[in-house]
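# Working through the structure, step by step
What follows is the residue order along each chain.
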Amino acid sequence: MQYILKTTLTLCALLFSTLLFSQDDVVNVDNDTIFGKIIELNDDFIRFETVNDQGIKTTSSIKTEYISSYNYSEIPVDELAYESSPIKKNAVRISFGGGYAGRLGKLLKTGDSAIDALSSDLRHGYALEGDFHFYSNFKEKNSTNFGPAINFNYINSSAETYTTPHSYSGEKLKASQSIIYIGPGLAMCSNYENWVLTGSLGLGALFYTEKATLSGVEEKLTATVFATNLSFGVDHKISSNMGLGLKLSLSGGATEKVNYEGHTMDLGYKLSLTSWMASFILSYRNF
């Protein structure tokens, strides 16, 4: 009786261990499933044990770049869905948003209080921003990834005032400024269970336009300069592919020359075209 009981318990233990062993599986990029016991898991490879029909164990490993998905039985239930999602080979993130923009740099005083007040108002405006990030061999959880990016932002401000009588006969002066930045850069992304941290550093072109209208006559100044762009953002995952977050950006450049009526005009001082932006961002990602 004891022998039968011992044999039964042994068989049950073997069956139970076999069931546990078979819970792990790895699917490669060719959609082939390998059943075994995962014994090591990291960002570079998965190491696992398999057992043949004769009960002989074999240890093998496969690089993550050749893995489509996997299931790991020892991960807690609340983390299983996150850990066993597909390992992305190429990942993209696209974002768009808008918010406040402020010009930086010293305000040049003219001695005319109305003109100086208008110049001060033009330092505050709104911003529209967009980014495209691409990551190859993306490592999905709790890791930092780097890849190329394209950054874009548009800043606009406008103001108006009645000029002082001694200078412009008290007429209404309308003015507006716009700055467009676009250029490539290096993107950074840290992916977590509920959050995505992003950043980018870029070099590109900045296009500046200033318009002023007085007595129905419009004057326009333009400039194109080399500029840098720096940004940091955080997204909260609101769905499997969408995020909502906040982004802080800085676009910087300066010029001493502007184009006026087809001619290059020397300002005699360095005009700062640097602005900072704080925007709400809606993002799409495939990771």
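Conventions and cut-offs
- Residues numbered from 1 in each chain as written.
- Predicted model: local features only at pLDDT ≥ 70, side-chain atom pairs only at ≥ 80, totals over all residues.
- Heavy atoms only, no water.
- Helix = DSSP H or I, 4+ residues; strand = E, 2+ residues; numbered from the N terminus.
- Buried < 20%, exposed > 50% of the residue type's maximum accessible area, 1.4 Å probe, protein only.
- Contact = heavy atoms within 4.5 Å.
- Areas by Shrake-Rupley, 256 points an atom, 1.4 Å probe, with all protein chains shown as cover.
- Core = buried A, V, L, I, M, F, W, Y, C linked by side-chain atoms within 4.5 Å.
- Salt bridge = Lys/Arg side-chain N within 4 Å of Asp/Glu carboxyl O.
- pLDDT = per-residue confidence, 0-100.
- Phe/Tyr/Trp six-rings, centres within 6.5 Å; stacked < 30°, edge-to-face > 60°.
- Patch = residues over 30% accessible without salt bridge, like charges linked within 9 Å, V, L, I, M, F, W, Y side chains within 5 Å.
- Polar contact = N/O pair within 3.5 Å; in protein donor to acceptor, adjacent residues only side chain to side chain.

## Considerations on the overall build of the protein
On a plain count of helices and strands, the protein comes out with four helices and 15 strands. Put simply, the protein has 287 residues, and 38% of those count as buried. A separation of at least 24 residues holds for 62% of the contacts in the protein among residues at least 6 apart in sequence. Accessible surface, the protein: about 16400 Å² in total, of which carbon and sulfur atoms supply 60%.

## With respect to the nonpolar core
Judged by nonpolar contacts, the single largest core of 14 residues is most densely connected at Ile-155, Leu-206, Tyr-208 and Leu-273. Of all the secondary-structure elements, those providing two or more residues to this core are strand S9 (172–191), strand S10 (195–214) and strand S11 (217–237). Per element, the largest residue contribution to this core is three residues, and it comes from S11. Aside from chain neighbours lying at most four places away, what touches Leu-273 is Arg-103, Ile-179, Leu-206, Tyr-208, Val-225, Ser-251, Gly-253, Ala-254 and Thr-255. Tyr-135, Phe-138, Ala-187 and Cys-189 belong to the second-largest nonpolar core, a separate cluster that totals eight residues.

## Digging into the pattern of salt bridges
Under the criterion given, the structure shown has five salt bridges. Where Asp-235 meets Arg-93, a salt bridge forms, and the shortest distance between an N and an O atom there is 2.7 Å. Taken together, the residues span a long stretch of sequence, with Asp-235 in strand S11 and Arg-93 in strand S6 (residues 90–103) at a distance of 142 residues. Its salt-bridge partner being Lys-247, residue Asp-131 comes within 2.2 Å of it at the nearest N-O pair.

## Topic: the confidence of the model for the protein
With 80% of its residues at a pLDDT of at least 70, the protein reaches an overall mean of 81. Mean pLDDT values over the elements of the protein span from 40, in helix H2 (residues 77–83), up to 97, in strand S15 (residues 275–285). Segment residues 1–22: pLDDT under 50, and seven contacts once partners within four positions in sequence are set aside and those in other chains are kept.

## Focus on the packing of aromatic side chains
Within this structure, the stated rule accounts for four aromatic pairs. On the basis of an interplanar angle of 35° and a centroid distance of 4.4 Å, the ring pair of Phe-138 and Phe-287 is categorised as tilted. Of this pair, Phe-138 sits in the loop between strand S7 (124–136) and strand S8 (143–162) while Phe-287 sits in the segment after S15, placing them 149 residues apart in sequence. Comparing Phe-138 with Phe-287 shows no difference in burial state: the two are buried. Ring-pair connections join several aromatic residues into one group, and the members of that group are Tyr-135, Phe-138 and Phe-287.

## Thoughts on a nonpolar patch on the surface
Together, Ile-94, Phe-132, Ile-150, Phe-152, Ile-180, Ile-182, Phe-207 and Tyr-284 give the surface a local cluster of nonpolar side chains, amounting to about 650 Å² of exposed area. Put simply, the parts of the chain that give the nonpolar patch at least two residues each are S8 and S9. On the secondary structure map, Ile-182 appears in strand S9.

## Section: unusual backbone geometry
Across residues other than glycine, the phi torsion is negative in most instances, and most of the peptide bonds are trans. Of note, the phi angle at Asn-137 is positive, near 50°, even though the residue is not glycine. Along the chain, Asn-137 turns up in the loop between S7 and S8. You will see that Glu-261, though not glycine, has its phi angle at about 55°, which is positive. Here Glu-261 shows up in the loop between strand S13 (254–260) and strand S14 (263–272).

## What to know about the environment of Gly-253
Inspection of the secondary structure puts Gly-253 in the loop between strand S12 (242–252) and S13. With a relative accessible area of 12%, Gly-253 lands in the buried category. As for Gly-253 and Phe-226, which are separated by 27 residues in sequence, their C-alpha atoms are 6.5 Å apart. With residues up to four places along the chain from it excluded, the contact list for Gly-253 reads Phe-226, Ala-227, Leu-271, Ser-272, Leu-273 and Thr-274.

## Digging into the environment of Trp-195
Inspection of the secondary structure puts Trp-195 in strand S10. On the accessibility criterion, Trp-195 (43% relative accessible area) is partly exposed. The spatial distance from the C-alpha of Trp-195 to the C-alpha of His-236 is 4.8 Å, given a sequence separation of 41 residues.

## Considerations on the side chain of Ser-231
Structurally, the position occupied by Ser-231 is in strand S11. A distance of 2.8 Å separates the side chain of Ser-231 from the side chain of Ser-200, its partner in a polar contact. Those residues within four positions of Ser-231 in sequence are excluded, and the remaining contacts are Thr-198, Gly-199, Ser-200, Lys-247, Leu-248 and Ser-249.

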